[in-house]
2 protein chains.
Amino acid sequence: MRGTSSDALRELARARSVVLTTHINPDGDALGSMIALYLFLQRRGIQVQMWLDDNLPVMYSFLPHLDKIARPPITPQPVDLFVVLDAGDASRTGSSGHNYRGRSLNIDHHLSNSDFADLTFVDETAAATGVMILRMIEEADGGVSKEMATCLYTAIATDCGFFRYANTDAHTLHAAARLVGYGAEPHTISEQLQTMPLSRITALSKVLDTLEVSGCGRIASVMVPPGIASTDVEDTEGFIDYPRNIAGVEVAIMFKPSAEKETVKLSFRSRRLNVSDLARSLGGGGHARAAGCTLKGSVYEVKPRVLTRVLEALREAGL
Amino acid sequence: MRGTSSDALRELARARSVVLTTHINPDGDALGSMIALYLFLQRRGIQVQMWLDDNLPVMYSFLPHLDKIARPPITPQPVDLFVVLDAGDASRTGSSGHNYRGRSLNIDHHLSNSDFADLTFVDETAAATGVMILRMIEEADGGVSKEMATCLYTAIATDCGFFRYANTDAHTLHAAARLVGYGAEPHTISEQLQTMPLSRITALSKVLDTLEVSGCGRIASVMVPPGIASTDVEDTEGFIDYPRNIAGVEVAIMFKPSAEKETVKLSFRSRRLNVSDLARSLGGGGHARAAGCTLKGSVYEVKPRVLTRVLEALREAGL
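Please read these numbers as outputs of a predicted model, since none were measured by experiment.

Visitor: Sorry if this is basic, but what is going on with the overall build of chain A here?
Guide: Each helix and strand counted, chain A has 11 helices and 12 strands in total. What you see for chain A is a C-alpha radius of gyration of 22 Å, in line with the 20 Å of a compact globule of 319 residues. Its C-alpha atoms put chain A at 65 × 45 × 40 Å along the principal axes. For chain A, with 319 residues in total, the buried portion stands at 47%. The long-range fraction of contacts in chain A, counting pairs at least 24 apart against all pairs at least 6 apart in sequence, stands at 62%.

Visitor: Looking at this structure, I do not really get the relation of the copies chain A and chain B. What am I missing?
Guide: Superposing the two chain copies requires a rotation about an axis and a translation along that axis. At an RMSD of 0.1 Å, chain A and chain B line up after a rotation of 180 degrees and a shift of 0.0 Å along the axis. Classification of the inter-copy transformation places it as that of a two-fold axis. Both copies share a contact surface, since 100% of the interface residues of chain A are interface residues in chain B too.

Visitor: Explanation requested: the sheet that holds strand β5 (residues 100-108) of chain A in the structure shown.
Guide: Residues and elements named next belong to chain A. Spatially, six strands are ordered β3-β2-β1-β4-β5-β6 in an open sheet, and the strand pairing comes out parallel. The sheet is open, and its two borders are formed by β3 (69-70) and β6 (119-122), each paired with just one other strand. Strand direction decides the pairing type here: strand β1 (residues 17-22) and strand β4 (residues 77-85), joined by five bridges, are parallel. Along β4, the bridge assignment pairs V19 with F82. This element, helix α1 (residues 5-14), spans β1, β4, β5 and β6 of the sheet and lies at about 135 degrees to β6.

Visitor: Would you explain the domain arrangement of chain A in this entry?
Guide: How big an interface is tends to be expressed through the accessible area that disappears when the partners come together. Once the domains are mapped, chain A shows domain 1 (5-194) and domain 2 (201-316). For domain 1 of chain A and domain 2 of chain A, the distance between their C-alpha centroids amounts to 33 Å.

Visitor: How should I be thinking about the interface of chain A and chain B in this particular structure?
Guide: In this complex, chain A contributes 33 residues to the contact, which on the side of chain B involves 33 residues. Residue assignment for the side of chain A that touches chain B shows that the elements contributing at least two residues are α5 (170-181), α6 (186-194) and α7 (198-208) of chain A. If you tally residues by element for the side of chain A that touches chain B, the top one is α5 of chain A, at seven residues. Partitioning the side of chain A that touches chain B into residue classes produces 21 nonpolar, nine polar and three charged.

Visitor: Can you help me understand the pairing of strand β8 (residues 219-223) of chain B in this one?
Guide: Residues in a regular strand project their side chains so that they alternate between the two faces of the sheet. Residues and elements named next belong to chain B. Of all five residues that make up β8, five are buried, and the element is covered over most of its length. Residues I219, S221 and M223 point to one face of β8 and A220 and V222 to the other, with burial holding for every one of them. Pairing of strand β7 (residues 212-213) with β8, which is carried by two bridges, proceeds in the antiparallel orientation. Bridged to E212 within β8 is S221.

Visitor: Explanation requested: the environment of L37 of chain A in the structure shown.
Guide: Residues and elements named next belong to chain A. Position of L37 relative to the elements: it lies in helix α2 (residues 28-43). Classification of L37 by C-beta neighbours within 10 Å gives buried; the count is 28. C-alpha of L37 to C-alpha of V48: the two residues are 11 residues apart in sequence and 9.5 Å apart in space. The residues touching L37, leaving out its near neighbours within four places in the chain, are L20, L85 and I133.

Visitor: When you look at the pairing of strand β2 (residues 47-51) of chain A in this model, what are you seeing that I'm missing?
Guide: All names here are of chain A. The pairing of β1 with β2 spans five bridges and is parallel. Directly across from L20, in β2, lies its bridge partner M50. Crossover handedness for the path β1 to α2 to β2: right-handed.

Visitor: For this particular structure, what's the right way to read unusual backbone geometry?
Guide: Where the residue is not glycine, phi is negative for most of them; where a peptide bond is considered, it is trans in most cases. Residue and element names in this part refer to chain B. At D86, a position not held by glycine, the phi torsion is positive, near 60 degrees. Residue placement: D86 occurs in the loop between β4 (77-85) and β5 (100-108). On the basis of neighbour counts, which here come to 30 C-beta atoms within 10 Å, the residue D86 falls in the buried class. Its identity is not glycine, yet F162 carries a phi of approximately 50 degrees, on the positive side. Here F162 is to be found in the loop between α4 (146-159) and α5 (170-181).

Visitor: Could you clarify how one ought to interpret helix α3 (residues 129-140) of chain A in this entry?
Guide: Given 3.6 residues per helical turn, the α-helix brings residues three or four places apart onto the same face. Residues and elements named next belong to chain A. End to end, α3 covers 17 Å across 12 residues, agreeing with the expected 16 Å (1.5 Å per residue, within 8%). What α3 keeps buried is the set T129, G130, V131, M132, I133, L134 and I137. Contacts made by the buried residues of α3 are with α2, β4, β5, α4 (146-159) and α5.

Visitor: Please clarify how the nonpolar core should be interpreted in this entry.
Guide: L152 and I156 of chain A together with L152 and I156 of chain B are the most contacted members of the largest nonpolar core, which totals 132 residues. Setting aside residues no more than four positions away along its own chain, I156 of chain A makes contact with A127, A128, G130, V131, T172, A175 and A176 of chain A.

Visitor: Please explain helix α3 (residues 129-140) of chain B as it appears in this structure.
Guide: For α3 of chain B, the secondary structure elements touched by its buried residues are α2 (28-43), β4, β5, α4 and α5 of chain B. Once α3 of chain B finishes, G142 of chain B follows within two positions and takes phi at roughly 80 degrees, a positive value.

Visitor: What is the right way to look at the packing of α2 of chain A against α3 of chain A in this model?
Guide: Helix packing for two helices is described by the angle between their axes and how far apart those axes are. Residues and elements named next belong to chain A. The contact between α2 and α3 brings their axes to 9 Å, and the two run at 15 degrees. One element, α2, and the other, α3, form an angle in the roughly parallel class. Crossing angle aside, the handedness with which α2 passes α3 is left-handed. From α2, D29, G32, S33, A36, L37 and F40 reach across to α3, where they touch T129, G130, I133 and I137. Looking at the contact of α2 with α3 residue by residue, the classes come out as five nonpolar, four polar and one charged.

Visitor: Teacher, can you tell me more about the sheet that holds strand β9 (residues 251-257) of chain A here?
Guide: Sheet strands associate in pairs through backbone hydrogen bonding, adopting either a parallel or an antiparallel arrangement. Residue and element names in this part refer to chain A. Strand order in the open sheet made by the six strands is β7-β8-β9-β10-β12-β11, with mixed pairing throughout. Every other strand in the sheet has two partners, leaving β7 (212-213) and β11 (285-286) as the edge strands with one partner each. Those strands touched by helix α11 (residues 299-316) are β8 (219-223), β9, β10 (263-270) and β12 (290-296), and its axis lies near 160 degrees from that of β9.

Visitor: Mind showing me how you'd approach the environment of L52 of chain A here?
Guide: Within the element layout of this structure, L52 of chain A appears in the loop between β2 and β3. C-alpha separation for the pair L52 of chain A and L208 of chain A, spaced 156 residues apart in sequence, amounts to 35 Å.

Visitor: Explain the environment of L311 of chain B to me, please; I cannot follow it from the model alone.
Guide: All names here are of chain B. Tracing the sequence through the fold places L311 in helix α11 (residues 299-316). With 15 C-beta atoms counted inside 10 Å, the residue L311 sits in the partly exposed group. Note: C-alpha distance between L311 and Q192 (119 residues apart in sequence) is 41 Å.

Visitor: I would appreciate a short explanation of the packing of α2 of chain B against α4 of chain B in the present structure.
Guide: All names here are of chain B. Their axes nearest at 7 Å, the elements α2 and α4 cross at an angle of 155 degrees. The orientation of α2 relative to α4 falls into the category roughly antiparallel. Seen from above, α2 lies across α4 with left-handed handedness. Residues G28, D29, G32, S33, I35, A36, L39 and F40 of α2 form the contact with α4, whose own contacting residues are E147, M148, C151, L152, T154, A155, T158 and D159. Its residues assigned to classes, the contact of α2 with α4 comprises eight nonpolar, five polar and three charged.

Cut-offs used in this document
- Residues numbered from 1 in each chain as written.
- Chains lettered and ligands numbered in written order.
- Predicted model: local features only at pLDDT ≥ 70, side-chain atom pairs only at ≥ 80, totals over all residues.
- Helix = DSSP H or I, 4+ residues; strand = E, 2+ residues; numbered from the N terminus.
- Rg over C-alpha atoms; globule rule 2.2 N^0.38 Å.
- Buried ≥ 20, exposed ≤ 12 C-beta atoms within 10 Å, placed from the backbone.
- Contact = placed C-beta atoms within 7 Å.
- Least-squares fit on C-alpha atoms with pLDDT ≥ 70 in both.
- Pairing = 2+ DSSP bridges.
- Axes fitted to C-alpha atoms, helices over the stretch in contact; angles between N-to-C directions.
- Domains from an automatic or database assignment.
- Nonpolar A, V, L, I, M, F, W, Y, C, P; charged D, E, K, R; others polar.
- Right-handed = clockwise from strand over helix to strand, strands pointing away.
- Expected span 1.5 Å × (residues − 1).
- Core = buried A, V, L, I, M, F, W, Y, C linked by C-beta atoms within 7 Å.
- Parallel < 35°, antiparallel > 145°, perpendicular 65-115°, else oblique.
- Left-handed = near helix turned anticlockwise from the far one by under 90°.

What follows is the structure in structure tokens.
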């Protein structure tokens, strides 16, 4: 059943024991929303646990109460209410989603939702689940502590790219402003989030060394050298933004050859061209301005072929 | 005389002809605030000009009405009111500040102000002059057009590092939220501001190739190879943030040897150490977490000497 913020609050108020969980590969919105709701429920005297079927990314290690997050149990555990945050489907929660017995509540801001829970509270206009949790706490009693504010500011800021993405609307910024009023410190949070392992900087250096711009200046590409490609995904995330942000570049491509398999993973970013169509024609998919695919062969075979395709696509689109 | 927002508005309302100007080396706040006020005054039927004694940085070329900005005249021009925005001293305006005859109004958010104008409206708690201009327009008639909103959002977002710096408070975020309500598009503006020349990316690549981290992991340094150091300052601005953001690094240093002179320009960034003291002891200066100096000698002479000094300073500070 679909419900409102008040329905969700009523459901939470009825429960004596609550388990909170979120999606695997958790991001700032997943963790920040979960911990803020945990603190809110704990204050109301509800017995509350947090489950996570995945490891915590290092960059969020500054969030409070991470030590209260536990792995889901091996055998199903009875609980009054099982709450899934920031995920539109139970499968996204890993093993957490199987190991409870009780009613379920889903709070999420994603457009696609499988209505897997007994009660589903979705607001797809919210820039982050953190915005929804903030409103719920304000609606319930208005008491947002500094710790809650830090968690929710992290949730919101990371999900809208620090107020740079298209999902940043007036509500997002007003929510962030209220959180600063409750004690969140934007500069402290952003400083924590900007801290990165040395391996990421050395990887960036090696990737930027491979930068090539086409003669016409409209296509820029980088390659992730095989030694780096085999390490953590996190380490090269966002690197494609460097070729993407060059003045005059319409399409940026990142080639990531696999060391073991004879394949190359490709990422596309664009300013105006629909790279989703392009990626689909190569057996991949994605969004209009951010897409990808995986091709067989070495990077030396794949690259000229792809560049020709991109040039054709640009010509067809009149760009 | 010091005055309020209402005093400034009264001063503007009395004038038939107004000249607006701002500081040399203009940034987003300078340009955005000036153009927004220009549009407001123009709408009120006031004859208004914009003067700028400097070139426009390429990154702001998306702002509207840049073609209305002119160089200051050679000989002094009579004007009812001369308005200096985002600068606390007339000397910061270049030749604009000399080439008018009339009353003057200064609108600024910087702490130090020389009270050079007939009326000075300063709010040092505002994160940007753009916040002050927004409030003035809202106070006067509330009509903030989409173009004004774009200018003022750019002004505010750039002056607080896209809501990452310590000057980001609840007022800053509420102001940004209202501007989005008036039509500013955060993602369009940030995309424009992120666009950079190819030369900047290739410079970054070359600078990151020089990254060195001390054995203890607390000092990270990069060097700007001489070929790059001689080009535009803009091209290496912010590069020191890469070593600065490495986990565990307390002090980041950027060495910029001069090709012509036998000198090396040093920049320091720190997490906790007072690098202002350090820079001062080397003949330079700056802020507690961001400072710099220029030393005689080649980078090969200067570097080991400076690293030893930084290690000593860290030891003394117990870091």
